[in-house]
Amino acid sequence: MRRSSTFARQVLLVRVGRRDGDLRARTDVALAERRYADPRYDRYDTEIEAVVPVSPALAPTSPVDDPAAMSIPLLPGERTAARRMKFAVVNACTLASLMLGMLAIFLAMQGEVRVAALCLIACVVFDGLDGALARKLGVASPFGAQMDSLADMCSFGLAAPVVVYASLAGSVPPAAAAVACALVAACAAIRLARFNVSPKDGRFFCGVPTTMAAAVLALTVAIGLPVSGLVLVSGVALLAFAMVSSFPYAKLARLVKLPPWLWLAPVLGALIDIRLTFALIVAGYLLSGPVLWLRQRRTV
């Protein structure tokens, strides 16, 4: 075979050589290897490696003994049996909120909207309980915080809009109810994601908390406000936008510290007309955000 022959012909010659005998085959293989090892043909290796597909989903692998590649423990600190039990109790409350949210969806699909709304209220209770227990028992962890956000998205970002949509069936056009409830789900996801990556303020929330918005929607369905369907849809959409707003809203700890005489008015109002009192409290809390925002801008 001539020196200028292609590599493909040499490979063909190797296959033919196998028929003539092992000696000739080994000679041809050696010739092909020398030909392929010629520096002038190193560009073939470069071209072949350049076209090898690389999946963008595969991250660079790190050695097994690399400390950065090791898994982070779910419970930081001392891992005793007592602390593990406390950690399990706290996460059980989070899972209870998640399961109650799923139950609310199932009940709403069957038409039991009042019972589904009560399940959402129970979700709010368990959501506040797991955080309080985690801080009191000293088992707060990044895992618990992420798990709480995922449970909130299921219970308050998905279950609450489904219950509201089921309660609006027949009173408003389905398209209007669907748009308003979809806004609640989308704004709840944005609100939770923003909360996870934003610095925490001990005095105010940035926007209406997802838990409080779900509690308002659940109580609205449970007590059955005597308003038109159009007003309810508008209120649901307004509450959704309030979640992603930048208005400051006071936390519950600050509201509890208000003078006792201020709590006397809503208590008396609830005895007279609980529905009207609830609507006034919700409207007052939603308006407090823009008022505080304007006040902060004037003082700066």
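In this text, all values refer to a predicted model and were calculated from it rather than measured experimentally. (Residues numbered from 1 in each chain as written. Predicted model: local features only at pLDDT ≥ 70, side-chain atom pairs only at ≥ 80, totals over all residues. Heavy atoms only, no water.)

> Before we move on, could you go through the packing of aromatic side chains and cite the residues and values that matter?
Here the structure, examined in full by the defined rule, presents 3 aromatic pairs. Note on Phe-247 and Trp-293: the rings are 5.7 Å apart at their centroids and 65 degrees apart in plane angle, and the pair reads as edge-to-face. With Phe-247 in the loop between helix H9 (229–243) and strand S2 (248–250) and Trp-293 in helix H12 (residues 274–299), the pair connects residues that are 46 residues apart, well separated along the chain. Classification of Phe-247 by relative accessible area gives partly exposed; the value is 25%. The ring of Phe-205 is capped by Lys-251, whose NZ or CZ atom sits 5.1 Å from the centre of that ring. (Phe/Tyr/Trp six-rings, centres within 6.5 Å; stacked < 30°, edge-to-face > 60°. Helix = DSSP H or I, 4+ residues; strand = E, 2+ residues; numbered from the N terminus. Buried < 20%, exposed > 50% of the residue type's maximum accessible area, 1.4 Å probe, protein only. Lys NZ or Arg CZ within 6 Å of the ring centre and 35° of its normal.)

> Would you mind going over the layout of surface pockets in detail, with residue names and values included?
In this structure, the second largest pocket encloses a volume near 570 Å³. Taken together, 25 residues make up the lining of the second largest pocket; nearest its centre are Thr-220, Leu-225, Val-231, Leu-232 and Gly-235. Elements supplying a minimum of two residues to the lining of the second largest pocket: helix H6 (142–167), helix H8 (210–223), H9 and H12. The greatest single-element share of the lining of the second largest pocket, amounting to 7 residues, is contributed by H9. In terms of residue class, the lining of the second largest pocket is made up of 19 nonpolar, 6 polar and no charged. (1 Å grid on protein atoms, 1.4 Å probe; cavity = no way out; pocket = protein on both sides within 12 Å on 5 of 7 lines; lining within 4 Å. Points joined across faces, edges and corners; volume = space filled by probe spheres on them. Nonpolar A, V, L, I, M, F, W, Y, C, P; charged D, E, K, R; others polar.)

> How would you summarise the confidence of the model for the protein chain if you had to cite specific residues and measurements?
Across the protein chain, the average pLDDT comes to 79, with 75% of residues at or above 70. With pLDDT under 50 throughout, residues 39–61 is counted as low confidence; its partners more than four residues away or in other chains account for 4 contacts. (pLDDT = per-residue confidence, 0-100. Contact = heavy atoms within 4.5 Å.)

> With reference to specific residues and values, describe the packing of H8 against H9.
Where H8 meets H9, the closest approach of the two axes is 10 Å, and the angle between their N-to-C directions is 170 degrees. As far as their axial angle goes, H9 and H8 are roughly antiparallel. Between H8 and H9, the contacting residues are Thr-210, Ala-213, Val-216, Leu-217 and Thr-220 on the first element and Leu-232, Val-236, Leu-239 and Met-243 on the second. Per-class residue counts for the contact of H8 with H9 are 7 nonpolar, 2 polar and no charged. (Axes fitted to C-alpha atoms, helices over the stretch in contact; angles between N-to-C directions. Parallel < 35°, antiparallel > 145°, perpendicular 65-115°, else oblique.)

> Account for the side chain of Asp-130, with residues named and values stated.
Looking at the secondary structure, you find Asp-130 in helix H5 (residues 113–137). Despite its burial, Asp-130 pairs with no opposite charge, the nearest such side chain being Arg-135 at 7.3 Å. Contact partners of Asp-130, with chain neighbours within four places excluded, come to Val-90, Cys-93, Thr-94 and Asp-148. (Lys, Arg positive; Asp, Glu negative; His and termini not counted. Salt bridge = Lys/Arg side-chain N within 4 Å of Asp/Glu carboxyl O.)

> Account for H6, with residues named and values stated.
Its 26 residues place the ends of H6 36 Å apart at the C-alpha level, agreeing with the 38 Å of an ideal helix rising 1.5 Å per residue. The sharpest bend along H6 comes to roughly 30 degrees, located at Ala-159, with the proline Pro-161 sitting one to four residues further on. (Expected span 1.5 Å × (residues − 1). Bend = angle between axes of the 7 residues up to and from the residue.)

> Lay out the environment of Ala-237 with the relevant residues and their values.
As for its position among the elements, Ala-237 is in helix H9. Using a relative accessible area of 18% as the deciding quantity, one classes Ala-237 as buried. Remark: the alpha-carbon pair of Ala-237 and Cys-187, spanning 50 residues in sequence, is separated by 9.8 Å.

> Pulling in residues and values, what's your account of helix H4 (residues 81–109)?
For H4, spanning 29 residues, the distance from its first C-alpha to its last is 42 Å, which sits close to the expected 42 Å at 1.5 Å a residue. In the stretch just after H4, Gly-111 is the one whose phi turns positive, near 90 degrees.

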